[in-house]
Amino acid sequence: MRAKLDQIKADALAQIQNADGLEKLNEVRVNVLGKKGALTAVLKSMKDVAPEDRPKVGQMVNETRAEIEAVLEDAISKMERAKRELQMKTEVIDVTLPAKKHTKGHRHPNTIAMEEVERIFIGMGYEVVEGPEIETDYYNFEALNIPADHPAKDEQDTFYISGDILLRTQTSGTQVHVMEQGKLPIRMIAPGRVFRSDEVDATHSPSFHQIEGLVIDKHITFADLKGTLAEFAKELFGEETKVKFRPHHFNFTEPSAEMDVSCFKCGGKGCRFCKGSGWIEILGCGMVHPNVLRMSNIDPEKYSGFAFGMGLERIALLKYEIDDMRLLYENDIRFLKQF
Amino acid sequence: MNTALSWIKAYVPELECGDQEYTDAMTLSGTKVETFERLDKNLDKIYVGQIMSIERHPDADKLIICQVDLGDKQLQIVTGASNVNVGDKVPVVVDGGKVAGGHDGGPLPEGGITIKNGKLRGVESFGMMCSIEELGSSRDFYPEAPESGIYIFDESVAVGSDAIEVLGLRDTVFEYEVTSNRVDCYSVLGIAREAAATFNKPFVAPVVEVRENEEKIEDYISVEVVDTDLCSRYCARVCTNIKIEPSPEWMQRRLAASGIRPINNLVDITNYVMEEYGQPMHAFDLDTVAGKKIVVKRAKDGEEFQTLDGQVRKLDSEMLMICDAEKEIGIAGIMGGENSKITDDVKTVVFESATFNGANIRKSAKRLGLRTDASGKFEKGLDPRNAEAAINRACQLIQELGCGEVVSGMADVCQPLKELNRIKFDAERINGLLGTDISTETMMEIFGRLELTYDEATNELVIPSFRQDLEGIADIAEEVARFYGYDKIPMTLPSGEATTGKLPFKLRLEEKARDIAEFCGFSQGMCYSFESPKVFDKLMLAEDDVLRQAITISNPLGEDFSIMRTVPLNGILTSLATNYNRRNKNVRLYELGNVYLPKALPLTELPDERMQFTLGFYGDGDFFTMKGVIEEYFDVLGMNKKVTYDPNAGKVFLHPGRQASIIYDGVVLGYLGEVHPDVLDNYDIGTKAYIAVLDMPNVEPFATFNRKFEGIAKYPAVSRDISMVVPKSILVGQIEAIIEQRGGKILEGYNLFDVYEGSQIKEGFKSVAYSITFRAKDRTLEEADVAGAMKKILNGLEGLGIELRA
């Protein structure tokens with residue numbers, strides 16, 4: 001029996017030795033160790049062995065099986081490694097061939113600027129609100145302390161529809177809608193499309209976008225306005241940005257200001273973007289006029305607030321160095337692709 | 001508003017500052033300086049010289065050689081000018097000096113022109129004598145200058161003195177942006193007051209004393225104001241023995257710096273006072289005023305009137321007129337009449353200084369299409385107290401400049417003057433608004449600078465009449481802030497109740513629309529909301545199509561921008577056409593923008609503004625590419641039900657066989673299709689284009705960002721392929737509806753893997769093949785389950801006249 005097993009082993013090892021591929025090794029496994037293999041046949045012939053010898057023979061068979069298996073596994077593993085190595089050597093590609101890109105569309109620069117502004121103010125606890133683009137005189141003018149016959153109406157070159165219905169010239173009317181709802185405190189921004197009868201040229205468009213902001217609460221101060229807008233400017237234009245507030249006049253705020261930011265192109269040294277001044281005018285703002293609060297049923301003795309408004313196109317043009325506003329409304333794909 | 005700094009300094013004599021310093025300080029205190037220009041920026045080394053002798057140039061007929069005395073030296077100068085004589089005093093620029101322009105008066109070179117010693121036809125010349133154009137100005141502003149040739153000074157000017165100084169060019173002209181609330185700052189005195197307050201220097205107003213003659217105004221003129229609602233004050237004064245002459249140089253220089261051409265003493269005085277006081281003045285020739293009477297009243301509708309510019313103007317009954325006893329002689333606040341205008345022969349003048357209703361003047365000027373310097377000032381609403389001050393100033397100047405005599409008294413029809421406004425002083429409130437801790441003393445000091453007085457008895461601030469803009473405590477807070485310094489106010493963040501930042505659901509859906517459109521290769525366009533009514537024809541809408549019911553703008557920029565869009569397609573198609581014409585390939589665009597649907601026309605209430613998600617493309621892709629975008633979007637919005645497509649969308653602008661309504665849960669959410677070739681022709685798009693429109697208000701109710709984990713299938717799926725021959729008229733949508741209806745609970749999905757029409761299929765039929773998948777959540781399916789479901793499906797399909805293939 002011993003000799004038979006040794007013979008099986010020697011044959012198997014020789015076959016393993018001579019195997020020239022994984023298939024051959026598998027054949028060895030089947031022929032020797034498989035159900036119909038030589039070793040299995042030996043086990044099957046156990047019935048012919050004397051019962052007292054069976055454990056011994058069984059042990060011998062198992063030992064032989066283990067030895068063959070070990071050699072076989074080793075050979076397989078070596079052969080697989082060699083095969084993998086060969087694969088790695090042959091599967092070399094030219095990594096400089098062109099990339100396979102998914103053709104993605106692009107957001108409009110106005111929208112990128114708008115989302116950026118929205119993100120900053122949402123982070124500061126502001127709600128984004130929308131108002132109608134076709135408005136009544138009351139919301140666009142009167143409730144903003146611009147009474148009938150006020151020259152400020154002329155300044156804004158309004159498109160009229162009929163009666164007291166017009167195309168809004170500013171997003172400020174949205175503030176009034178929100179104030180009228182009577183839910184205080186208010187922290188909101190209102191982005192949207194506005195219209196003024198300016199002829200189309202490199203710096204004017206009869207349709208453009210504004211973002212308006214409004215905060216109303218007890219004890220809101222001009223200092224809060226300055227602090228909030230300074231934070232906003234840093235977020236939008238970079239941590240180094242400085243702000244400057246200049247007195248100005250708007251009917252719906254008092255005191256009013258215009259805010260300049262230190263030129264984000266030259267850092268304030270003076271360049272063609274800031275026309276050499278080092279500063280860029282970015283928005284108008286102020287403390288909500290008591291008349292405006294009163295008209296929307298908010299008691300100016302108890303509440304105060306600030307408001308600000310900016311042109312989105314202006315920010316987009318400045319940020320992305322776009323030199324002609326008409327490009328924003330032509331929708332030439334070669335323009336849009338750059339954002 | 002442009003003003004020379006020297007004029008401001010006349011009222012703020014202690015003001016000492018550089019141009020940039022002045023600009024910065026004034027801008028930070030609220031009087032924004034737009035720009036400034038030094039009048040002498042390109043003038044250097046120019047002196048007053050006297051011509052001692054003139055000889056002919058030996059080699060040039062047109063040149064002469066002058067010996068010029070400059071006081072400390074004598075120079076030989078060769079010139080081509082023909083207007084100089086021995087003894088004339090002229091501006092001379094010496095070697096290394098600079099002049100601003102050439103003698104032809106053309107555009108001024110950026111850095112001026114440097115003058116060097118040289119030879120003219122062999123004769124040495126040590127400098128140049130200058131014309132007014134070379135000094136950077138013109139005869140408009142220096143009317144005494146000769147038409148061509150060298151500027152010649154008055155005899156009294158000292159030889160050797162600084163010619164730039166003598167010409168009044170050692171000065172800087174500042175351009176201010178005055179805000180509409182500060183009517184008082186549309187005047188030199190107003191700006192000077194601000195400058196005095198800004199630099200904390202005394203403001204010295206002109207001292208106005210009128211020396212009157214013995215005559216009485218009553219003997220010359222009376223004034224009646226009929227329409228007192230439009231004229232709160234009308235002051236008239238009379239000056240006699242008028243002698244028309246040039247005004248003095250100092251006055252000419254100040255007007256010139258403000259951009260006003262000097263004309264003669266009378267005109268210049270009215271202009272000067274208008275600049276100085278901000279009060280427009282008008283002068284009538286008394287000899288043309290019938291009945292020695294001025295009547296202020298409304299015109300009659302349809303009347304015509306010739307203004308002093310010679311134009312005939314059509315009047316209406318809301319326009320205020322200045323009349324005499326018989327006729328109209330001027331349109332109040334806008335322009336005088338041809339019939340009463342001042343000529344050089346004028347003997348007696350009536351000055352008018354009035355306060356008209358600003359809104360009325362503004363509207364009249366607009367209707368007349370005639371906006372003048374005067375109307376521009378009146379329409380802001382002037383201070384009636386200023387009218388009196390200004391007319392007295394004008395009379396003072398008439399007398400002092402020897403232009404005439406002033407008749408004693410003033411005809412003054414004045415509605416009761418409003419009492420000076422009073423505002424309760426509340427330092428705590430001011431600090432509360434500003435977020436500051438400014439002391440009462442500092443505030444009081446600021447009020448003093450602004451001529452606001454404090455009434456201790458009532459704790460009120462008394463507001464001077466020229467500050468009509470100060471109405472309440474917020475205005476006072478601004479005054480404090482301006483002069484305390486906006487820059488000194490601290491920066492804080494709002495305290496108080498925290499609020500949640502929010503993007504409303506509607507805007508979140510739009511954000512997702514942008515994301516998906518871009519993911520699918522579409523770039524965002526922006527189009528105007530207003531367009532031409534011709535768009536409806538381009539889109540081939542029927543004459544009675546409800547979409548033609550568009551809102552019209554009453555004052556559009558032109559017909560092309562005259563209606564508010566009711567269909568969003570024109571913008572996208574126009575943009576595709578732009579790209580197509582520029583040979584851009586494979587263009588995919590989308591837009592999110594409103595259409596405006598009126599509830600009734602003309603508009604009596606606000607219209608329905610509906611956000612439209614519009615997509616359009618040409619190039620790679622087809623109808624089904626567009627359909628894919630729509631379904632990707634719905635998928636992101638959690639809209640998991642089956643979207644159905646009805647080919648009977650009825651859109652005339654789309655290919656009749658390649659269009660569909662997009663239907664979700666029985667509701668039409670939009671449409672898509674291939675653009676009709678006729679429409680493509682109308683837009684000059686030479687290739688197939690596809691569009692889709694989603695009506696966002698209809699999409700919104702179906703959208704959700706809520707998701708629920710359904711578990712991952714544990715049991716295997718079973719699939720069955722079926723292949724069938726189907727009449728062409730049957731849509732695969734109908735087949736899918738049957739599969740869905742009849743597949744039962746175990747139906748997991750189905751996949752169309754082949755559609756074929758062709759030679760092996762009989763005429764009028766197509767071959768369609770589906771792979772249908774079944775799966776149960778709780779067990780492994782038995783053959784019987786699947787067979788049962790398949791049988792139901794197949795029975796349903798046979799009902800449609802579909803034959804199964806083996």
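Look a little higher up for the structure.
As a starting point, this report considers the structure included with it.

Thresholds, definitions, all that
Residues numbered from 1 in each chain as written. Chains lettered and ligands numbered in written order. Predicted model: local features only at pLDDT ≥ 70, side-chain atom pairs only at ≥ 80, totals over all residues. Heavy atoms only, no water. Helix = DSSP H or I, 4+ residues; strand = E, 2+ residues; numbered from the N terminus. Pairing = 2+ DSSP bridges. Contact = heavy atoms within 4.5 Å. Axes fitted to C-alpha atoms, helices over the stretch in contact; angles between N-to-C directions. Buried < 20%, exposed > 50% of the residue type's maximum accessible area, 1.4 Å probe, protein only. Salt bridge = Lys/Arg side-chain N within 4 Å of Asp/Glu carboxyl O.

So, unusual backbone geometry
Phase 1 of the analysis: A cis geometry characterises the amide bond from Leu 184 of chain A onward to Pro 185 of chain A, with omega recorded as -5°.
Phase 2 of the analysis: With respect to the helices and strands, Pro 185 of chain A occurs in the loop between α8 (172–180) and β5 (186–195).
Phase 3 of the analysis: Omega for the bond connecting Leu 601 of chain B with Pro 602 of chain B falls within 30 degrees of zero, at -10°, which places this linkage in the cis form.
Phase 4 of the analysis: The phi dihedral of Asp 665 of chain B falls on the positive side, at around 55°, and the residue is not glycine.

Quick look at the sheet that holds strand β33 (residues 643–646) of chain B
Residues and elements named next belong to chain B.
Phase 1 of the analysis: The strand order β28-β31-β32-β36-β35-β34-β33 describes an open sheet built from seven strands, whose pairing is mixed. The open sheet has two edge strands, β28 (523–524) and β33, and neither has a second partner.
Phase 2 of the analysis: With seven bridges connecting them, strand β32 (residues 608–618) and strand β36 (residues 689–695) associate as antiparallel partners. Bridged to Gln 612 within β36 is Asp 695.
Phase 3 of the analysis: The strands touched by helix α13 (residues 505–519) are β28, β31 (588–597) and β32; relative to β31, the strand with the most contacts, the crossing angle is about 150°.
Phase 4 of the analysis: Running over the sheet, helix α16 (residues 623–636) touches β31, β32, β33, β34 (654–664), β35 (667–675) and β36 and is turned about 25° from β36.

So, the environment of Gly 638 of chain B
Residue and element names in this part refer to chain B.
Phase 1 of the analysis: By the element assignment, Gly 638 lies in the loop between α16 and β33.
Phase 2 of the analysis: Residue classification places Gly 638 among the buried positions, given a relative accessible area of 14%.
Phase 3 of the analysis: Between the C-alpha atom of Gly 638 and that of Phe 705, which follows or precedes it by 67 residues, the distance is 6.3 Å.
Phase 4 of the analysis: Every residue in contact with Gly 638, bar those within four places of it in the chain, is listed here: Thr 704 and Arg 707.

Remarks on the pattern of salt bridges
All names here are of chain B.
Phase 1 of the analysis: Per the counting criterion, the structure on display carries 74 salt bridges over all chains.
Phase 2 of the analysis: One salt bridge in this structure joins Arg 367 and Asp 316, with 2.6 Å as the shortest N-O distance. Highlighted residues: Arg 367 in helix α7 (residues 358–368) and Asp 316 in the loop between β18 (312–314) and β19 (320–323), separated in sequence by 51 residues.
Phase 3 of the analysis: For Arg 367, a relative accessible area of 44% puts it in the partly exposed group.
Phase 4 of the analysis: Judged by its relative accessible area of 17%, Asp 316 falls in the buried class.
Phase 5 of the analysis: A salt bridge links Glu 748 to Arg 775; its shortest N-O distance comes to 2.6 Å. Within this pair, whereas Glu 748 is found in strand β38 (residues 747–756), its partner Arg 775 is found in the loop between β39 (765–774) and α20 (783–799), the two being separated by 27 residues in sequence.
Phase 6 of the analysis: Overall, Glu 748 belongs to the partly exposed group, its relative accessible area being 44%.
Phase 7 of the analysis: We classify Arg 775 as partly exposed; its relative accessible area is 24%.

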